[in-house]
Amino acid sequence: MTNDGVHGGGSGEQTLVILGAAGDLAGRLLLPGLGALVAAGGAPKLTLVGAGMDDWDDERWRKRVVEAFGAHRGKDASGGKGERAVADVVGGTRYVRADVTRADELRRVLDGVGGEVVVFFALPPAITGKACEALLDVELPEGTRLVLEKPFGSGVRSAAALNRVLTRLVPEERIHRVDHFLGKSTVLNIVGLRFANRIFEPLLSAEHVASVDVVFDEELALEGRAGYYDKAGALADMIQSHLLQILALLAMEAPLSMDPREFRDAVAEVLRATRVWGGDPKASSLRARYADGAQHCAYTKEPGVDPERGTETLAELVLAVDTWRWAGVPFRLRSGKAVGGGRQEAIITFKEPPRIPGGLHGPHQPDRLRIGFGPDRVALDFNINGPGDPFVIDPVTLAADFGPGELPPYGEVLHGVLHDDPTLSVRGDVAEECWRIVEPVTAAWRAGEVPLLEYPAGSAGPEESLLS
Ligand code: BG6
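Residues numbered from 1 in each chain as written. Predicted model: local features only at pLDDT ≥ 70, side-chain atom pairs only at ≥ 80, totals over all residues. Heavy atoms only, no water.

Enquirer: Could you give an account of the nonpolar core, naming the residues involved and the relevant values?
Expert: Residues F121 and L271 are the most contacted members of the largest nonpolar core, which totals 109 residues. By residue number, the principal contributor to this core is helix α8 (residues 226-251), which donates 16 residues. Looking at which domains feed residues into this core, each of domain 1 (14-149) and domain 2 (182-456) supplies at least three. Other than its neighbours up to four places away in sequence, L271 contacts L244, L247, A248, V430, E433, C434, R436 and I437. Listed in part, the 37 residues of the second largest apolar core include A22, A36, V90 and V118. (Core = buried A, V, L, I, M, F, W, Y, C linked by side-chain atoms within 4.5 Å. Buried < 20%, exposed > 50% of the residue type's maximum accessible area, 1.4 Å probe, protein only. Helix = DSSP H or I, 4+ residues; strand = E, 2+ residues; numbered from the N terminus. Domains from an automatic or database assignment. Contact = heavy atoms within 4.5 Å.)

Written out as structure tokens, the structure reads:
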């Protein structure tokens with residue numbers, strides 16, 4: 001949760017304009033997240049405006065908002081305030097049909113909007129770029145905030161170009177580049193786990209840690225998203241964005257505070273030190289694509305997929321965090337679709353003890369700190385003299401489960417946006433840095449230096465792995 005809490009009260013009146021209102025992102029994630037935030041009484045007084053190419057009227061749009069907000073009915077913990085706020089937002093919302101890549105149409109969308117304006121680009125990346133360019137010819141109301149989704153550009157150059165356009169429109173603190181993983185309570189809990197305790201942090205360095213893995217496999221396959229995913233692939237969709245943010249939280253130095261400047265400086269610093277392991281993208285990356293399996297057909301048979309593009313649905317990448325603290329420790333990131341079991345956790349594996357006293361024997365395993373992102377839990381694996389023979393070592397696990405966060409990740413992120421708090425937004429330099437980290441890998445893949453492996457959909461992934 002951000003600094004001021006869900007019930008931290010509202011700033012003045014605001015208008016949230018969603019460009020791409022009829023699209024998948026708005027319906028699946030953005031509106032439900034907004035509904036949860038409004039129902040929890042955590043949003044300021046809000047007018048919601050939807051805009052897009054679809055030939056919708058206010059009624060059609062309102063139906064979509066009601067459906068998306070529906071799940072949060074009855075979850076009002078604010079004495080009725082949240083329920084009234086939901087009814088107000090639904091009652092006052094409207095839809096404007098517009099081509100958002102044209103300045104004159106954007107002017108029409110923004111005509112007469114009141115209060116502080118927040119423009120959310122819920123659009124494919126290429127359209128977002130065009131809409132931003134078009135906004136250069138529109139006079140934006142004072143204090144306007146811009147909210148963008150990943151992928152932010154398609155490489156260092158395009159991200160830098162987009163940053164230049166954005167900072168001509170509004171100052172950097174008013175640009176919110178959304179990474180909804182930063183809104184997941186367990187991801188943010190990495191900061192609390194590391195810096196609000198004495199017991200873990202002194203061990204988190206090259207002196208004691210053998211490796212750090214961040215794994216986010218999903219059982220889900222493509223789910224009809226070929227239009228976007230086939231051009232992105234697992235590396236850009238998950239690793240370049242979400243998993244690098246997790247790496248940053250695991251490896252960063254303690255920020256002075258959770259103030260946006262301090263926190264984002266600490267994130268930027270550690271990512272600037274991060275690079276492909278050994279400077280060798282060929283040896284330090286792996287890519288694969290799912291083939292026919294029990295639950296899903298092959299990726300290449302999904303509607304809208306161009307098999308010739310060679311898009312990977314699973315990627316692995318080994319990185320070095322080249323700082324005094326982490327020199328020599330491999331950080332191994334992996335994410336795949338249609339992977340059985342869907343393991344989602346960060347695993348810190350500790351080095352072996354210098355020696356185990358003679359006479360103690362048994363199945364000794366390395367100590368591990370595991371942070372689970374689904375289910376949300378922290379577990380510590382270590383060895384003790386187990387029951388029975390007191391000279392035999394047994395592995396045990398101490399685990400704590402977390403309840404889900406008060407808000408879904410998109411609600412958490414929107415809370416920051418609507419309260420003008422960019423702590424959980426990706427800063428411009430960090431967005432470029434994340435592309436800089438993965439670009440040697442995309443270049444090696446493009447040059448055909450790394451083979452595209454296959455794995456049956458629903459299996460544990462390809463037989464080969466950089467994590468084993
Ligand atoms: C999105 C990716 O950003 O994150 C998806 O585009 C992925 O491909 C999703 O499935 C995972 O996030 P969550 O919150 O649904 O686990």
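After that view, the rundown keeps rolling.
Enquirer: Which residues make up the site of the ligand, and what values do they have?
Expert: Every residue lining the ligand is accounted for by K150, H180, F181, K184, F216, E218, R225, D237, M238, H242 and K337. Within the contact set of the ligand, an oxygen atom lies 2.8 Å away from a side-chain nitrogen or oxygen of K184. Contacts to the ligand include K337, whose side-chain N or O atom sits 2.8 Å from an oxygen atom. Summarising the interface, the protein chains cover 76% of the accessible area of the ligand, which totals 390 Å² for the free molecule. Considering each element in turn, the shell around the ligand owes the most residues, three residues, to α8. (Near = heavy atom within 4 Å. Polar contact = N/O pair within 3.5 Å; in protein donor to acceptor, adjacent residues only side chain to side chain. Areas by Shrake-Rupley, 256 points an atom, 1.4 Å probe, with all protein chains shown as cover.)

Enquirer: Give a detailed account of the packing of helix α5 (residues 125-135) against helix α6 (residues 156-169), specifying residues and quantitative values.
Expert: If you want to describe how two helices pack, look at the angle between their axes and the distance between the axes. Viewed as axis vectors pointing N to C, α5 and α6 meet at an angle of 35°, and their least axial separation amounts to 9 Å. Along this stretch, α5 crosses α6, giving a crossing that reads as left-handed. Each of G129, C132, E133 and L135 in α5 lies in contact with α6, whose residues at this interface are L162, V165, L166 and L169. (Axes fitted to C-alpha atoms, helices over the stretch in contact; angles between N-to-C directions. Left-handed = near helix turned anticlockwise from the far one by under 90°.)

Enquirer: Tell me about the sheet that holds strand β16 (residues 425-426), residues and numbers included.
Expert: Judged by pairing direction, the sheet is mixed, and its seven strands sit side by side in the order β3-β2-β1-β4-β5-β6-β16 without closing on themselves. Strand pairing shows two members of the sheet lacking a second neighbour, β3 (94-97) and β16, which therefore form its edges. Pairing analysis gives six bridges linking strand β1 (residues 14-19) to strand β2 (residues 46-52), with the strands arranged parallel. In the strand pairing of β2, Q14 is matched with L46. (Pairing = 2+ DSSP bridges.)

Enquirer: Explain the packing of helix α4 (residues 103-110) against α5 to me, using residue names and the numbers behind them.
Expert: One way to put it is that α4 packs onto α5 with a least axis distance of 9 Å and a crossing angle of 80°. Accordingly, the angle class assigned to the pair α4 and α5 is roughly perpendicular. Across from A103, L106 and L110 in α4, the residues of α5 making contact are A131, A134 and L135. When grouped by side-chain class, the residues that make up the contact of α4 with α5 number six nonpolar, no polar and no charged. (Parallel < 35°, antiparallel > 145°, perpendicular 65-115°, else oblique. Nonpolar A, V, L, I, M, F, W, Y, C, P; charged D, E, K, R; others polar.)

Enquirer: Give me the lowdown on the packing of aromatic side chains, citing residues and values where you can.
Expert: Applying the stated rule across the entire model yields seven aromatic pairs. With centroids separated by 6.2 Å and ring planes inclined at 65°, the aromatic side chains of Y229 and Y299 adopt a geometry described as edge-to-face. Of this pair, Y229 sits in helix α8 while Y299 sits in the loop between β9 (285-291) and β10 (314-321), and the two are 70 residues apart along the sequence. Like Y229, the residue Y299 is buried in the burial classification. Measuring from centroid to centroid gives 5.7 Å for Y290 and Y299, while their planes differ by 80°, and the two rings are edge-to-face. Judged by its relative accessible area of 2%, Y290 falls in the buried class. (Phe/Tyr/Trp six-rings, centres within 6.5 Å; stacked < 30°, edge-to-face > 60°.)

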